[in-house]
Amino acid sequence: MSIVVRARLVGLVGNSTPLRTRWVRAAIRGVLLAVLGLPLGMPASAVDYYDTVIHGGTIVDGTGGAPFVGAVAIRDQQIVAIGDLPPHQAREAIDASGLHVSPGFIDLHSHADYAMRSNPLMPNLLQQGITSILAGNCGSSPDNIADALAFIAGTGTGPNMGFLIGHNTVRRQVLGEQDASANPETLAAMAQLTAQAMTEGAFGLSTGLKYVPGVYASTEEVVALAQVAAQYRGFYATHLRDEGANLLPALNEAIGIGEASGLPVHISHHKAIGTAAWGASEQSLRLIDSARERGLDVTADQYPYTASSTSFEILFPAWSLAGGQTELLKRLAVPEQRARIKAELMHAIETDRGGGDPSRIQVAHFKPDPTLNGKTFRHILEQRGMPANIEQAAELAIELQAAGGGQAIYHAIHEQDVRRIMRHPQVSIATDTGAIHYGRGNPHPRGYGTFPRVLGYYQRSEGLMSLPEAIRKMTALPAARLGLVNRGQLLAGYAADLVIFDAETVAD
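Note that the structure is a prediction, hence the values are computed from the model and not measured.

**Here we look at the environment of Ala182**
By secondary structure assignment, the location of Ala182 is in the loop between helix H3 (167-175) and helix H4 (184-200). Taking the C-alpha atoms as reference, Ala182 lies 7.5 Å from Ala217; in sequence the two are 35 residues apart. If we skip the residues at most four places from it in the chain, Ala182 touches Arg171, Leu175, Leu187, Met190 and Glu221.

**Side note on the pairing of strand S3 (residues 50-59)**
Put simply, side chains in a regular strand alternate between the two faces of the sheet. Burial of S3 is extensive: nine of the ten residues sit out of reach of the surface. Judged from the five bridges that link them, S3 and strand S6 (residues 90-95) form a sheet pairing that is parallel. Residue Val53 lies in a different strand from S6, and its bridge partner there is Ala93. Judged from the six bridges that link them, S3 and strand S4 (residues 68-75) form a sheet pairing that is antiparallel. Bridge pairing in S4 links Gly57 to Gly70.

**Some thoughts on the nonpolar core**
With 76 residues, the main nonpolar core has Phe163, Tyr236 and Leu455 as its most contacted residues. Looking at this core element by element, the count peaks at six residues for helix H6 (residues 247-261).

**Observations concerning the packing of H3 against H4**
As a packed pair, H3 and H4 sit with axes 9 Å apart at the nearest point and diverge in direction by 135 degrees. It follows that H3 is oblique to H4 by the angle criterion. Two packed elements cross with a definite hand, and for H3 against H4 that hand is right-handed. The residues of H4 that touch H3, namely those facing Val170, Arg171, Gln173, Val174 and Leu175, are Thr186, Ala189, Met190, Leu193 and Thr194. For the contact of H3 with H4, the residue count by class is six nonpolar, three polar and one charged.

**A look at the sheet that holds strand S17 (residues 361-365)**
Taken together, the three strands give an open sheet; going across it, the order is S16-S18-S17, and neighbouring strands pair in antiparallel fashion. Both edges of this open sheet fall to strand S16 (308-311) and S17, since each of them pairs with a single strand only. For this sheet the average axis-to-axis angle between neighbouring strands, irrespective of direction, equals 30 degrees. In this structure, S16 lies alongside strand S18 (residues 407-410), joined through four bridges in antiparallel fashion. What sits directly across from Thr310, in S18, is Ala408.

**Structural notes on the packing of helix H14 (residues 446-461) against helix H15 (residues 467-474)**
Axis separation between H14 and H15 bottoms out at 11 Å; the angle between their running directions is 160 degrees. In this view, H14 runs roughly antiparallel relative to H15, as classed from their interaxial angle. Relative to H15, the crossing made by H14 is right-handed. Across the interface between the two elements, Phe451, Val454, Leu455 and Gln459 from H14 touch Leu467, Ala470, Ile471 and Met474 from H15. Here the residues of the contact of H14 with H15 sort into seven nonpolar, one polar and no charged.

**Regarding the sheet that holds strand S9 (residues 130-135)**
Spatial strand order, S8-S9-S10: three strands in an open sheet with parallel pairing. Of all the strands in the sheet, the pair left with one neighbour each is strand S8 (105-107) and strand S10 (160-163). Mean inter-strand twist for the sheet, computed between neighbouring axes without regard to direction, equals 15 degrees. Judged from the three bridges that link them, S8 and S9 form a sheet pairing that is parallel. Bridge pairing in S9 places Ile106 opposite Ser132.

Thresholds, definitions, all that
- Per chain, the residues get numbers from 1 upward, laid out in the order the sequence is written.
- Local features in a predicted model are, by the rule used here, given only for residues with pLDDT of at least 70; side-chain atom pairs are given and counted only at 80 or more, and totals for whole chains, interfaces and linings are based on all residues.
- Just so you know, side-chain values use all the structure's heavy atoms and leave hydrogens and water out.
- Helical segments are the DSSP runs of H or I of at least four residues, strand segments are the runs of E of at least two, and each set is numbered from the N terminus.
- Should any heavy atoms of two residues lie within 4.5 Å, those residues are counted as being in contact.
- Categorising residues by exposure relies on relative accessible area from a 1.4 Å probe, with only protein chains included: less than 20% of the type maximum marks a residue as buried, more than 50% marks it as exposed, and the intermediate range marks it as partly exposed.
- Two strands qualify as a pair provided DSSP detects at least 2 bridges between them.
- Working definition of a nonpolar core: buried Ala, Val, Leu, Ile, Met, Phe, Trp, Tyr and Cys residues. They are joined through side-chain atoms within 4.5 Å.
- Only the stretch in contact is used when a helix axis is fitted, and all axes are lines through C-alpha atoms; the angle between N-to-C directions ranges over 0 to 180 degrees.
- When describing relative orientation, an angle under 35 degrees is termed roughly parallel and one over 145 degrees roughly antiparallel, while 65 to 115 degrees is termed roughly perpendicular and anything else oblique.
- Here a crossing is taken to be left-handed if its near helix is turned anticlockwise relative to the far helix by less than a right angle, and right-handed if that turn runs clockwise.
- Residues were grouped as follows: Ala, Val, Leu, Ile, Met, Phe, Trp, Tyr, Cys and Pro as nonpolar; Asp, Glu, Lys and Arg as charged; and all remaining residues, including Gly, as polar.

As structure tokens, then:
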């Protein structure tokens, strides 16, 4: 499907609203229309009552309610009226007949902050209909939230952007990448950095407890920092300590952190990865429901694929990564430690991200040798004339990481878990992706197709949910998680962040 993005680039407004309702209105603040061949424009002589009227379309307002045919009127980049509105009462009329009109999609789990300075337009996100993103996830965020917001104010970005403050980012500033416990002094320093970020406009605290250095943090450390975020009415978003065989204990830890700190909890990219975890989503969703019944505000997000994507480091034991790449190389040079690392790698490939088969690990981006991009570990080993088994896959992982590391796609999630999680009413749709530079590497398709895939495959083709429910999971539900009061629904007074799409053809 050819999607035309129509954007109006504007500056920012002042950040004077309460913290839970703050949203940086960067770049595309106003109408973003993702359309397929829409006729645009009206004669200059048209009555100047509205700036734009979108008429003839079927409105899906984000609430989950029944769609209805009507018009949306926009003035000064706000929705001012919805209903039976004459198109001639606007400078510009857009005929959306046969198409659907919805709020702009809100991506709760973005890593676009990594490349926002080098790729600020973020076309891979805009072309999915995404008009707002929350960055700073999985424990990694800009060191300085105020500086990141200043960049957006000065340069602008494609979607609106908000940020979480990352626990890994904070911990790294105080303790580096060492396997060390926080003492009262270092914990106080981390708390101060967290408080500073919250006052600067962060929406909450994120953790990546599977990654260095967050993996070395105790639950008590996270609770202490979550309590700081709670003072500013933020929320706690977490890449769980484990999403595989220990998914349920890790989820219980996250829920416990929320209960101990009095903070809403959001489970990032909820999944059950690795053969040992397949089917565990049935129990994990029951844990979420149970916590909600007790009064804890727990939500989650998900991308609609049976593969994850992250660095090669995810396969390595945490102890081997302490101190960074230099220390890992030193450990690999010691035969006894190398043998232990290899054994633990084999276990991870057998039961966790590796999915028990070297063909399930696919190189996404390997800078030292780009010819490997897109190839699976099985393919690489077979090309070298080596056995494509778990042991050789572990050796290959060591080789690639020792050469500088890179990104991989891990095909180790069961389709039934994807579907079960997607149907849950408290699960939003999210990309878990960045601002991708087109043509670099072999990125996970979620970077281009997340929202269209839900609409085209899971909703239209598979009937997993109704269209209004799918749109709710992309708009009003994530807006509620963020505490936004002017986005996520089509209502008078809301920002005119809109998507127009063909429900019969939209696809990834």
